There are 4 protein chains.
Amino acid sequence: MRFAITAKLAYHFDREAEVLLLLEAARTGDQEVIRDSITVTPHTDVARLYDPATNERRSVFTADGDVEIVYEALVQVTPPAGDYRQQPCVAIRNLPADVLHFLRPSRYCPSDRLESFVEREFTGLEGGAKAAAIADWITANLRYEIGTSNAYTTALDTFLEGAGVCRDFTHLAITFLRAAGIPARAVSAYAWKLEPPDMHAVTELYLGGRWWLMDATCKAPIEGLVRVATGVDAADIAFLSVFGNAYLQAQSFTIEAVNPP
Amino acid sequence: MRFAITAKLAYHFDREAEVLLLLEAARTGDQEVIRDSITVTPHTDVARLYDPATNERRSVFTADGDVEIVYEALVQVTPPAGDYRQQPCVAIRNLPADVLHFLRPSRYCPSDRLESFVEREFTGLEGGAKAAAIADWITANLRYEIGTSNAYTTALDTFLEGAGVCRDFTHLAITFLRAAGIPARAVSAYAWKLEPPDMHAVTELYLGGRWWLMDATCKAPIEGLVRVATGVDAADIAFLSVFGNAYLQAQSFTIEAVNPP
Amino acid sequence: MRFAITAKLAYHFDREAEVLLLLEAARTGDQEVIRDSITVTPHTDVARLYDPATNERRSVFTADGDVEIVYEALVQVTPPAGDYRQQPCVAIRNLPADVLHFLRPSRYCPSDRLESFVEREFTGLEGGAKAAAIADWITANLRYEIGTSNAYTTALDTFLEGAGVCRDFTHLAITFLRAAGIPARAVSAYAWKLEPPDMHAVTELYLGGRWWLMDATCKAPIEGLVRVATGVDAADIAFLSVFGNAYLQAQSFTIEAVNPP
Amino acid sequence: MRFAITAKLAYHFDREAEVLLLLEAARTGDQEVIRDSITVTPHTDVARLYDPATNERRSVFTADGDVEIVYEALVQVTPPAGDYRQQPCVAIRNLPADVLHFLRPSRYCPSDRLESFVEREFTGLEGGAKAAAIADWITANLRYEIGTSNAYTTALDTFLEGAGVCRDFTHLAITFLRAAGIPARAVSAYAWKLEPPDMHAVTELYLGGRWWLMDATCKAPIEGLVRVATGVDAADIAFLSVFGNAYLQAQSFTIEAVNPP
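The rules behind these values
Each residue is numbered by its place in its chain's sequence as written, counting from 1. All chains are assigned letters beginning at A, and all ligands numbers beginning at 1, according to the order in which they are written. Local features are withheld for residues below a pLDDT of 70 in this predicted model, meaning they are given only at 70 or higher, and side-chain atom pairs are given and counted only at 80 or more; totals for whole chains, interfaces and linings count all residues. No hydrogens and no water enter the side-chain calculation; it runs on all heavy atoms of the structure. The least-squares superposition of copies is restricted to C-alpha atoms, and to residues with a pLDDT of at least 70 in both copies. In this description, contact between two residues means that some pair of their heavy atoms is separated by no more than 4.5 Å. Summed over both partners, buried area is the accessible surface (1.4 Å probe) that two parts give up on being assembled. Salt bridges are identified by distance alone: a Lys or Arg side-chain nitrogen within 4 Å of an Asp or Glu carboxyl oxygen. Under the rule applied, a polar contact is a pair of N or O atoms within 3.5 Å (in protein, one hydrogen donor and one hydrogen acceptor; residues adjacent in sequence only if both atoms are side-chain atoms). Under the DSSP-based scheme used, a helix requires at least four consecutive residues in state H or I and a strand at least two consecutive residues in state E, with every element numbered from the N terminus. When residue character is reported, Ala, Val, Leu, Ile, Met, Phe, Trp, Tyr, Cys and Pro are called nonpolar, Asp, Glu, Lys and Arg charged, and the others, Gly included, polar. Helix axes are fitted to C-alpha atoms over the stretch in contact, other axes to C-alpha atoms as well, and angles between N-to-C directions run from 0 to 180 degrees. Handedness of each helix crossing follows the sense of rotation of the near helix against the far helix: counterclockwise by less than a right angle gives left-handed, clockwise gives right-handed. Pairing between two strands requires that DSSP report at least two bridges joining them.

## Some points on the relation of the copies chain B and chain A
Okay, so step 1: Of the transformation superimposing chain B on chain A, the axial component is 0.0 Å and the angular component is 180°, with the fit at an RMSD of 0.0 Å. Expressed as an axis order, the relation between the two copies is that of a two-fold axis. Among all residues of chain B, the minimum C-alpha distance to the rotation axis is found for Arg107(B), at 1.8 Å.

Right under this line is the structure:
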């Protein structure tokens, strides 16, 4: 499918600050960025960095006063076929070096601390069946509720609270998966049909020799996701990082399916 | 300088487990591995993985019962000249993409939470002078004390407790540095003259366009460090990760300066 | 001084729940409750419990649907003379048994964890001078800011965040005081001249053989406080505890100085 | 039954420190202290405080250098008949004021955070049946393991770790009970037949109008417990609190059943 994306962000900066954006659609084998542009008003030099290790594209600039950021893109997405629920687990010794990393606990996904719960709760399952049971548990036991979490909320807090937003659902899914021996990571994405429209965070898990997207919030179709950034958890994929103070004035995200020409 | 290194580890595994070792000296511009070998007894196939992004070399194997691991190496180290205390801070917009990452909070180094303390305590200093004040604060205010920390101990815990081991000193230094706007990361190393001999953890910080080693424990000379792994914090550089249970039986580390032929 | 107090609370309960109120002015040597009444609408039996150990008066009732609670009181307050800043510390062996308790860490006031900071920061001071330095530190270093804390926020979080509301100021003052060897506890009160009007939380500390009120927020005069409840921390003095779900609809607190007849 | 108790503690104090002991058998309706004595060597004045609210007896003294403490007692215990497993829950509005307190979260027993787990896990049960299911869950899912917990370990940590000692078993039981709406508290006791001999911590829960002892460790018979202290959690019942530094040299506890004359 082909998607037209527009993200508009307006912030006030009370003094000069460095801004790091992770807003740009990633260029991957499954995702062709036909065109895109990033505009900062008032005009500022924007350094656009490409990280070959992750396919991510970051924009860095210096902001001051009232600043508007607009990202526009046209992206062709070709999701791979298949269903992770049928896939086998990959033995640790056969995991690629760059996948191994995603088995480890991270700040927001302290999988070592939930190991005994995961062992009790999902015992007897393997591979895709275990991942599916984890997704189902989260869908059944977490309420989607704005205002229950903040920037310090970990998957452990979410597990205890029983509520959160997409970031929290994703962190808990990643944490359970890693605790179950399945590599997992966080993906930020533009999400077609997500209501209300917003940047989305979903889970990616490694089974049967490749990565698969999973969205435990069930709020948007997997095939309508346009990947932006990929990382160990939300710490890696925040769409805006400010070294200084930024005050949000307005933001909007739109993504529409368009017909190829 | 040239160093001869021997690490010996003996573990008991009560059932088959996957083992990931980060014991091998890194091959970097400053560090030439003249020869090295890793031996697991009883004999097992050891997969040796090289990660070009980090220059790290990992060994992966399947263990069961009583297992002995021996790593032997001869390494030539050419530490770069200079002193970070004289270096200026690099503006965020001028940081390389792969350095930016090390400004972010991580699990064991939650630098966002110590920002207000760092701002109060180290106000008015910049660049190398600020890094030096941080190193001095840690040396003055942390007691080196075994048994005060465990696998879950963060830099915040160490800050409050006022005590820890090399891992904890390193985490607090990294946390203070990131909170002060200076990229910082963790390095595991064989450390010449360290008493008692052990794997060591030290800090690396980015000033004036390059990385500099810092050891807030002051227990071993910087020029006698042989780098093994580099990462955001201890989570990335553990020398042994076991997917299963391992019971330590014995371990020893030796590093000696040798004359080049 | 004599104060006329009115508290009005409106809640919605989606099913029957037990409600515990701590709204009633305490009857103490310094505080004469001339008259007071508590009314729940629609009419419900309200059990009014008196706890002689704390002089607190609790109201318990069963709520369902939309419920309005009105508390009205006329209270004469005679604050004791003197200034804690001049008082000596009481040796632990001379503390009354019921005061000793308030030297111990509690959930929101983990004074054991801030001992090393307190020792470094307030070294060389004793008794009232130390308490005064603690009050001044908090006034200088905490921003009064709504929305930075929630029901789980401890004094440690507040210390790190550098911001909070009256509850958080009080918790940090108690924590520092206990860590400094001075018994301290939390008091909820109606507070004359507090803007905007609300229930207030302040600190009480033990020096020179008696308890003294302290308000590190500096938002209301000490002599205009009408005590409601006293406890180890906010956990003990919440004005509303619900065993079930309550949704706040409206609340208002007024306290006015009136002339004695 | 009648029990002869001896507790011997030896500590080194590197400078003068105040010591608070909670070692003395409580005098309650169920427990008659026939005779007891507390001796500190070298001889020191020991203030013995009695707290009528809790029936606890504390000893306070100033220690320096090497100090030996010996407590000897002869106590007649008459445990009440009955089994909590058959008892109904008491409605909150019918709970005595001094029992209500033990429904609230405390530092080591953050019952608010485990509410959603308790609701899921023990759904459909009431009163004694629910308390019994909680005791059984803990017995089944916690390993008794020394060294997995420290002074900061909460019931939440124990829940996640799946292991602990008597203090941790007790904290988790209290936390689950409170989250289930059943008042619960911590009791320190001399425990007949406990192996190895030590001070013990057990749970007390309120059902059917009275308190009942419960020991989720199942390591000693309930009828052989001699109560010392009672409190919201371990923070209240530590047998030794030192305001200063104490270094443990030796400790032993013995309790033997003796025939009445």
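## So, the interface of chain B and chain A
Okay, so step 1: Facing 26 residues of chain B, the contacting portion of chain A comprises 26 residues.
Okay, so step 2: A buried area of about 2,600 Å², summed over both sides, lies between chain B and chain A, and 59% of it is on carbon and sulfur atoms.
Okay, so step 3: The largest contributions to the chain B side of the interface with chain A come from Arg93(B), Arg104(B) and Arg107(B), which together make up 27% of the buried area.
Okay, so step 4: Between chain B and chain A we count two salt bridges in total.
Okay, so step 5: When the shortest N-O distance is used, the salt bridge between Asp112(A) and Arg107(B) registers 2.9 Å.
Okay, so step 6: At the junction of chain B and chain A, the tally comes to 10 residue pairs in polar contact (both at pLDDT 80 or more).
Okay, so step 7: The element that contributes the greatest number of residues to the side of chain B that touches chain A is strand S4 (residues 56-77) of chain B, accounting for three residues.
Okay, so step 8: Residue classes in the side of chain B that touches chain A are distributed as 14 nonpolar, four polar and eight charged.

## Points about the packing of helix H3 (residues 127-141) of chain C against helix H5 (residues 166-179) of chain C
All names here are of chain C.
Okay, so step 1: Viewed as axis vectors pointing N to C, H3 and H5 meet at an angle of 145°, and their least axial separation amounts to 10 Å. Taken as a pair, H3 and H5 cross one another with a handedness that is right-handed. Note on element contacts: H5 touches H3 through Phe169, Leu172, Ala173, Phe176 and Leu177, opposite Ala131, Ile134, Trp137 and Ile138.
Okay, so step 2: Split by residue class, the contact of H3 with H5 holds nine nonpolar, no polar and no charged.

## Digging into the relation of the copies chain D and chain A
Both copies of the chain are related through a single rotation about an axis accompanied by a shift along the same axis.
Okay, so step 1: The transform that puts chain D on chain A rotates by 180° and translates by 0.0 Å along the axis, for an RMSD of 0.0 Å.
Okay, so step 2: The fraction of interface residues of chain D whose copies in chain A are also interface residues reaches 100%, indicating that both copies meet through the same surface.

## Re the environment of Trp192(C)
All names here are of chain C.
Okay, so step 1: Positionally, Trp192 belongs in the loop between strand S7 (184-191) and strand S8 (199-207).
Okay, so step 2: Put simply, Trp192 and Ala4 are 188 residues apart on the chain and 9.8 Å apart in space, counted from C-alpha to C-alpha.
Okay, so step 3: Beyond its immediate chain neighbours, meaning those up to four positions away, Trp192 contacts Met1, Phe3, Ala220, Pro221, Gly224, Ile255, Glu256 and Ala257.

## A look at the interface of chain D and chain A
Okay, so step 1: Listed as interface residues are 13 residues of chain D and, on the opposing side, 13 residues of chain A.
Okay, so step 2: Of the roughly 1,100 Å² buried where chain D meets chain A, counting both sides, 47% is carbon and sulfur surface.
Okay, so step 3: When residues of chain D are sorted by the area they lose upon contact with chain A, Arg113(D), Arg120(D) and Leu160(D) head the list and together hold 55% of the total.
Okay, so step 4: Taken together, chain D and chain A are joined by two salt bridges.
Okay, so step 5: Among the ionic pairs, Arg113(D) bridges to Asp157(A), the shortest N-O distance being 2.6 Å.
Okay, so step 6: At the surface where chain D touches chain A, the tally comes to four residue pairs in polar contact (both at pLDDT 80 or more).
Okay, so step 7: Residue assignment for the side of chain D that touches chain A shows that the elements contributing at least two residues are helix H2 (115-121), helix H3 (127-141) and helix H4 (155-161) of chain D.
Okay, so step 8: Ranked by residues supplied to the side of chain D that touches chain A, first place goes to H4(D) with five residues.

## Quick word on the sheet that holds strand S8 (residues 199-207) of chain A
All names here are of chain A.
Okay, so step 1: Strand order across the open sheet formed by four strands is S9-S8-S7-S10, with antiparallel pairing between neighbours. Looking along the sheet, the strands with just one partner apiece sit at the ends: strand S9 (210-214) and strand S10 (225-231). Each strand axis lies, on average, 40° off the axis of its neighbour in the sheet, ignoring direction.
Okay, so step 2: Inspection of the sheet shows S8 paired to S9 by five bridges, in the antiparallel sense. Looking at S9, one finds that Thr203 is bridged to Met214.
Okay, so step 3: On the sheet, helix H3 (residues 127-141) packs against S8 and S9 and is oriented at approximately 155° with respect to S8.
Okay, so step 4: Helix H5 (residues 166-179) contacts strand S7 (184-191), S8 and S9 of the sheet and is inclined by roughly 10° relative to S8.

By themselves, these are just geometric observations and shouldn't be taken as functional.
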